[in-house]
Amino acid sequence: MNQATLFFFHDHMDALPIYERLEEMMLSQISNVKIKVQKSQITFANRMVFACASFQPVRKAKDRPKIFLTVTFGLAYRKESPRIDVATQPYPHRWTHHVTVGSPDEIDSLLLSWIREAAEFSATK
């Protein structure tokens, strides 16, 4: 864990275990991942950005866990699942999906399969 990542979580230290599991699982299952900590998100890229972690609230506060991390990934099509809070199409053949994650256990094989698919999609761009 580098200093920039710790600074990103400064006001959200309770969510750090969620991110640690996300990063660990991504790095173990996806090759050539570049991580960039920015002001409002942490991006994961190969040729292009394929996923992000942020505190963007994509669910109404009353429906959102107190401690959460929003995981965002991009695909060529709209993925349908009750776990996906919001899916938008910023331009043709590009869908951005947002998932609210409330605990490290929610970083599971299903979410990772979507992120792996996003990484593969990004690598072909």
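Everything here concerns the structure above.
On a predicted model such as this, the values are computed, not experimentally measured, just so you know.

Asks: What is the right way to read the packing of aromatic side chains from this model?
Replies: Any aromatic ring pair is given by two values, namely how distant the centres are and how the planes are angled relative to each other. The final tally for this structure, using the stated rule, is six aromatic pairs. A ring pair is formed by F8 and F55, whose centres lie 5.4 Å apart and whose planes are at 20°; its orientation type is stacked. Taken as a pair, F8 in helix α1 (residues 3–8) and F55 in the loop between β3 (49–54) and β4 (69–75) lie far apart in primary sequence, 47 residues in all. Looking at F55, the relative accessible area reads 16%, which means it is buried. One aromatic cluster is present, built from ring pairs that chain together F8, F9, Y19, F44 and F55.

Asks: How should I be thinking about the side chain of K79 in this particular structure?
Replies: Mapping K79 onto the fold places it in the loop between β4 and β5 (86–91). On the basis of relative accessible area, K79 is assigned to the buried category, the value being 15%. Side-chain polar atoms of K79 contact the side chain of Y77, separated by 2.9 Å. Within the structure, the side chain of K79 is placed 3.3 Å from the side chain of E117, a separation counted as a polar contact.

Each value, and the rule that gives it
Residues numbered from 1 in each chain as written. Predicted model: local features only at pLDDT ≥ 70, side-chain atom pairs only at ≥ 80, totals over all residues. Heavy atoms only, no water. Phe/Tyr/Trp six-rings, centres within 6.5 Å; stacked < 30°, edge-to-face > 60°. Helix = DSSP H or I, 4+ residues; strand = E, 2+ residues; numbered from the N terminus. Buried < 20%, exposed > 50% of the residue type's maximum accessible area, 1.4 Å probe, protein only. Polar contact = N/O pair within 3.5 Å; in protein donor to acceptor, adjacent residues only side chain to side chain.

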